[in-house]
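Observations on chain architecture
As a plain string of letters, each chain reads:
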Amino acid sequence: MEPAPDTSDKLYNVDLAPTSRHGRTWSAYSIFTLWANDVHSLGNYGFAIGLFALGLGAWQVLTALGVGALLLFVLLCLSGFMGFKTGVPYPVMSRISFGVHGAQLPAAIRGIVAIAWFGIQTYLASVVLRVMLIALVPSLAPLDENSVLGLSTLGWISFVALWIVQVVIVCYGMEMIRRYEAFAGPVILVTMVALAAWMLARVDFSIAWSTDDPLTGSQMWLHILGGGALWVSIYGTFVLNFCDFTRSAMSRGAIVRGNFWGIPVNMLLFGLIVVSLAGAQFKLDGTVITSPADIVQPIPSTPLLVLASLALLILTVAVNLMANFVAPTYALTNMFPRRLNFQKAAVISAVIGLVILPWNLYNSPVVIVYFLGGLGALLGPLFGITRVNVPQLYVDTHDGEYFYRGGVNPRAIAAFVPAALASLAVALLPAFHGASEFSWFIGAGLGALCYLVTAKREPEYTDQHGEAISVATTH
């Protein structure tokens with residue numbers, strides 16, 4: 001596609017162009033199903049059940065998730081409005097603060113984290129698929145006993161099969177992702193509620209409300225607030241690139257309604273399921289599960305086990321598509337708009353997610369600490385210094401409003417670097433262990449403060465829509 005007048009082919013192609021206001025397809029239901037899938041991811045269950053294992057009881061876990069949910073509702077609405085107003089994906093949005101070329105930095109950071117998580121989530125799903133395959137065909141069990149680069153033969157077959165399925169879906173573009181999310185959302189909600197009901201029935205609806213060594217006093221409240229802060233940190237990346245989806249939203253009201261049902265309401269349901277699963281299992285045998293996959297594996301009925309496993313597979317694919325596939329795809333397209341489109345960039349992202357052998361990342365405690373703390377610490381400052389505007393984001397000339405100095409805004413870099421370093425130190429250094437759970441907020445706050453200090457005081461932007469160079473949502 002030829003660039004539109006006054007735009008540079010180094011900054012503009014059909015996938016990076018603003019979406020036209022007419023014909024946008026993402027309704028409140030579309031946005032709700034994003035959260036219906038993502039909130040119930042296996043990784044999130046592992047995190048929330050971990051709060052139970054730390055010694056938080058049922059109401060404390062619900063309180064921690066509730067605090068995080070309310071904060072996320074506000075942040076995601078604000079982030080979503082950016083996408084609705086401008087119609088641009090996150091890498092283009094970043095040009096406002098970082099410059100038309102400096103935006104490669106935040107886009108690349110977001111993309112790198114997403115690629116790693118894409119691989120990890122695919123690995124988690126492959127574990128469920130292996131359980132299902134062995135239940136269906138017990139003779140496959142010997143294929144799960146060897147190790148090739150950290151995975152068994154059956155593990156490789158499962159991982160690659162799921163990898164291919166996701167690549168095929170994403171190659172059909174954002175509209176196919178919307179349709180898949182709309183299908184998967186109800187499936188996973190019904191499945192998780194049914195799984196919780198089954199576990200409650202096993203203990204006659206009388207669960208353990210906490211472990212044998214529950215936290216009390218100041219330690220309890222510190223972990224409640226810390227759990228809520230980490231919940232925000234986990235979604236800190238999505239706060240950044242939520243505009244990748246809301247750029248196709250029908251209205252601001254659709255964003256608010258979708259977020260309301262998908263964040264506070266859906267997260268309350270998620271918390272109740274977590275308490276039911278963890279409390280019931282602890283009541284049964286005194287152990288704390290690590291994810292719903294632990295409950296699926298011992299299901300005595302093969303047909304039920306297969307149905308539950310399929311639902312978890314549908315869920316994980318949905319989570320990966322929205323949270324971990326779209327961001328690096330847009331980031332790569334933004335780097336090479338003349339050579340890459342959405343489909344080509346998606347394949348490259350997937351290949352990287354395969355060759356990094358992500359199961360080794362998941363098995364490393366240091367990496368887990370990084371992704372729960374460092375992830376929010378590194379990306380939090382970007383949200384703190386990113387501003388909303390709709391000017392010449394595709395102009396690569398010295399008189400362009402976002403060209404700054406050679407296409408890079410030194411003020412944004414000056415704000416980002418110290419904030420990121422400070423928040424990473426808080427997240428990862430043992431000396432700051434007590435504050436590590438709040439690293440996202442420290443990073444975002446420092447980034448905003450540094451940008452306020454370094455930014456120009458006089459108004460420098462004009463409000464201008466991008467309809468003249470826009471493309472249809474379903475291009």
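Rules of the game
Residues numbered from 1 in each chain as written. Predicted model: local features only at pLDDT ≥ 70, side-chain atom pairs only at ≥ 80, totals over all residues. Heavy atoms only, no water. Helix = DSSP H or I, 4+ residues; strand = E, 2+ residues; numbered from the N terminus. Buried < 20%, exposed > 50% of the residue type's maximum accessible area, 1.4 Å probe, protein only. Contact = heavy atoms within 4.5 Å. Areas by Shrake-Rupley, 256 points an atom, 1.4 Å probe, with all protein chains shown as cover. Lys, Arg positive; Asp, Glu negative; His and termini not counted. Charge placed at Lys NZ, Arg CZ, Asp CG, Glu CD. Core = buried A, V, L, I, M, F, W, Y, C linked by side-chain atoms within 4.5 Å. Axes fitted to C-alpha atoms, helices over the stretch in contact; angles between N-to-C directions. Parallel < 35°, antiparallel > 145°, perpendicular 65-115°, else oblique. Left-handed = near helix turned anticlockwise from the far one by under 90°. Phe/Tyr/Trp six-rings, centres within 6.5 Å; stacked < 30°, edge-to-face > 60°. Polar contact = N/O pair within 3.5 Å; in protein donor to acceptor, adjacent residues only side chain to side chain. Salt bridge = Lys/Arg side-chain N within 4 Å of Asp/Glu carboxyl O. Patch = residues over 30% accessible without salt bridge, like charges linked within 9 Å, V, L, I, M, F, W, Y side chains within 5 Å.

Secondary structure assignment for the chain yields 19 helices and zero strands. For the chain, the spread of C-alpha atoms along the principal axes amounts to about 70 × 50 × 45 Å. Per-residue burial over the chain gives 58% buried out of 475 residues. Intrachain contacts of the chain at a sequence separation of at least 6 include 86% that bridge at least 24 residues. Accessible surface, the chain: about 18500 Å² in total, of which carbon and sulfur atoms supply 68%. When the 22 basic and 23 acidic side-chain charges of the chain are each reduced to a single mean position, those positions are 7 Å apart.

In this structure, Trp35, Trp231 and Leu277 are the most contacted members of the largest nonpolar core, which totals 125 residues. At 16 residues, the largest contribution of residues to this core is made by helix H14 (residues 302-335). Excluding its chain neighbours within four sequence positions, the residues that come into contact with Trp35 are His40, Leu76, Tyr235, Phe238, Phe242, Gly258, Asn259, Gly262, Ile263, Asn266 and Met322. Formed by seven residues, the second largest nonpolar core is a distinct cluster that contains Phe98, Ala412, Ala415 and Phe416.

Moving on, we come to the packing of helix H1 (residues 28-38) against helix H12 (residues 252-285). Pairs of packed helices are described in terms of their axes, by the angle between the two and the distance that separates them. Two numbers describe how H1 lies on H12: the axes approach to 7 Å, and their chain directions differ by 25°. Between H1 and H12, the angle falls in the class roughly parallel. In this structure, the crossing between H1 and H12 has a hand that is right-handed. Residue-level contacts link Ala28, Ile31, Phe32, Trp35 and Ala36 of H1 to Ala254, Ile255, Arg257, Gly258, Asn259, Trp261, Gly262, Ile263 and Asn266 of H12.

The next point concerns the packing of aromatic side chains. On inspection of all chains with the given rule, the structure shows 24 aromatic pairs. Between Trp231 and Phe270, the ring centres sit 5.4 Å apart and the planes meet at 15°, which makes this aromatic pair stacked. In this pair, Trp231 sits in helix H9 (residues 217-234) while Phe270 sits in helix H12, placing the two residues 39 residues apart along the sequence. Note on Trp231: relative accessible area 0%, which makes it buried. With centroids separated by 5.9 Å and ring planes inclined at 50°, the aromatic side chains of Phe238 and Phe242 adopt a geometry described as tilted. Each member of the pair Phe238 and Phe242 is classed as buried.

To continue, consider the side chain of Asn266. Along the chain, Asn266 turns up in helix H12. Residue Asn266 is classed as buried on the basis of its relative accessible area, which comes to 3%. Here the side chain of Asn266 touches Trp35 through a polar contact of 3.0 Å, landing on its backbone oxygen. When sequence neighbours within four positions are dropped, the list of residues in contact with Asn266 reads Trp35, Ala36, Val39, His40, Leu189 and Trp261.

What follows covers unusual backbone geometry. At Phe205, a position not held by glycine, the phi torsion is positive, near 60°. Relative to the elements of secondary structure, Phe205 occurs in the loop between helix H8 (174-202) and H9. Unlike most non-glycine residues, Tyr404 shows phi in positive territory, near 50°. Counting through the fold element by element, Tyr404 comes out in the loop between helix H17 (365-385) and helix H18 (410-428). In this structure Tyr404 comes out as partly exposed when scored by relative accessible area, which is 23%.

Glancing now at the pattern of salt bridges. Summed over all chains, the structure comprises five salt bridges. Across the pair Arg179 and Glu175 runs a salt bridge whose closest N-O atoms are separated by 3.8 Å. Linking Arg179 with Glu175, this pair stays in helix H8, spanning four residues, or about one helical turn. Note on Glu175: relative accessible area 14%, which makes it buried.

This part takes up H1. One turn of the α-helix equals 3.6 residues, which is why residues spaced by three or four share an orientation. The buried fraction of H1 is high, at ten of eleven residues. The set of residues buried in H1 consists of Ala28, Ser30, Ile31, Phe32, Thr33, Leu34, Trp35, Ala36, Asn37 and Asp38.

This part covers a nonpolar patch on the surface. A surface patch of nonpolar side chains, amounting to about 420 Å² of accessible area, comprises Val347, Ile348, Val351, Ile352, Val355 and Ile356. Residue Ile356 is classed as partly exposed on the basis of its relative accessible area of 33%.

This next bit is on the environment of Ala48. Here Ala48 lies in helix H2 (residues 42-54). In the structure, Ala48 is positioned 183 residues away from Trp231 in sequence and 8.7 Å away in space, judged by C-alpha atoms. If near-sequence neighbours (up to four positions away) are discounted, Ala48 is found in contact with Val61, Phe270 and Val274.

The N-to-C vectors of helix H3 (residues 58-86) and H12 enclose an angle of 160°; their axes lie 9 Å apart at closest approach. The angle between the axes of H3 and H12 places the two elements in the roughly antiparallel class. In the crossing of H3 with H12, the sense of the turn from one axis to the other is right-handed.

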